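Read off the chains here:
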Amino acid sequence: MRITPDDPAWEAKRRRAGIAAFLTGAAASLAFFAFFPGLPHVIDWGAILTSLAVGGLARRARQVHMTRARKGTTPE
């Protein structure tokens, strides 16, 4: 049985992967701004907005990757 993009189970898996990618990207970006040597150890609004943007890009990239990988599968 092939899982189509309209399948609720596949959509839930894609959504969970997107949330995980967003949180990972945002946390990694904040960690960079907080702990990278040479940068002031202050999290300002620019760092927060950049982290949200990086998290959004990571989420989008993961969901596109999952969609492309799903289209490449063959029915069982």
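Preceding this paragraph is the structure being described.
Just so we're clear, the structure is a prediction, and the values are computed from it rather than from any experiment.

## Remarks on the overall build of the chain
Item 1. Tallying secondary structure elements over the chain gives two helices and zero strands in all.
Item 2. For the chain, the proportion of contacts with a sequence separation of at least 24, taken over those separated by at least 6, is 65%.
Item 3. For the chain, the accessible surface area stands at approximately 5,600 Å², while carbon and sulfur atoms represent 67% of it.

## Observations regarding the environment of Ala26
Item 1. Take Ala26: it is sitting in helix α1 (residues 8–35).
Item 2. On the basis of relative accessible area, Ala26 is assigned to the buried category, the value being 11%.
Item 3. Residues Ala26 and Gly55 lie 29 residues apart in sequence; the distance between their C-alpha atoms is 4.4 Å.

## Observations concerning the environment of Ile48
Item 1. Mapping Ile48 onto the fold places it in helix α2 (residues 45–71).
Item 2. Among the residues examined, Ile48 registers a relative accessible area of 29% and is labelled partly exposed.
Item 3. Sequence separation between Ile48 and Phe33 is 15 residues, and the spatial gap between their C-alpha atoms is 9.2 Å.

## Topic: α1
Item 1. For α1, built from 28 residues, the straight-helix expectation of 40 Å at 1.5 Å per residue is met to within 8% by its first-to-last C-alpha distance of 40 Å.
Item 2. Residues of α1 that are buried include every one of Trp10, Arg14, Ala17, Gly18, Ala21, Gly25, Ala26 and Ser29, and no others.
Item 3. Of the surrounding elements, those touching the buried residues of α1 are α2.

## Looking at α2
Item 1. Here α2 contains 27 residues, and its C-alpha end-to-end distance of 39 Å stays within 8% of the 39 Å for a straight helix at 1.5 Å per residue.
Item 2. By the burial criterion, the buried members of α2 are Ala47, Ser51, Gly55, Gln63, Met66 and Thr67.
Item 3. Packing partners of the buried residues in α2 comprise α1.

## Examining the side chain of Gln63
Item 1. Residue placement: Gln63 occurs in helix α2.
Item 2. Taking relative accessible area as the criterion, Gln63 reaches 5% and is therefore assigned buried.
Item 3. Not counting chain neighbours up to four residues away, the residues in contact with Gln63 comprise Arg14, Arg15 and Gly18.

About the cut-offs
Residues numbered from 1 in each chain as written. Predicted model: local features only at pLDDT ≥ 70, side-chain atom pairs only at ≥ 80, totals over all residues. Heavy atoms only, no water. Helix = DSSP H or I, 4+ residues; strand = E, 2+ residues; numbered from the N terminus. Contact = heavy atoms within 4.5 Å. Areas by Shrake-Rupley, 256 points an atom, 1.4 Å probe, with all protein chains shown as cover. Buried < 20%, exposed > 50% of the residue type's maximum accessible area, 1.4 Å probe, protein only. Expected span 1.5 Å × (residues − 1).

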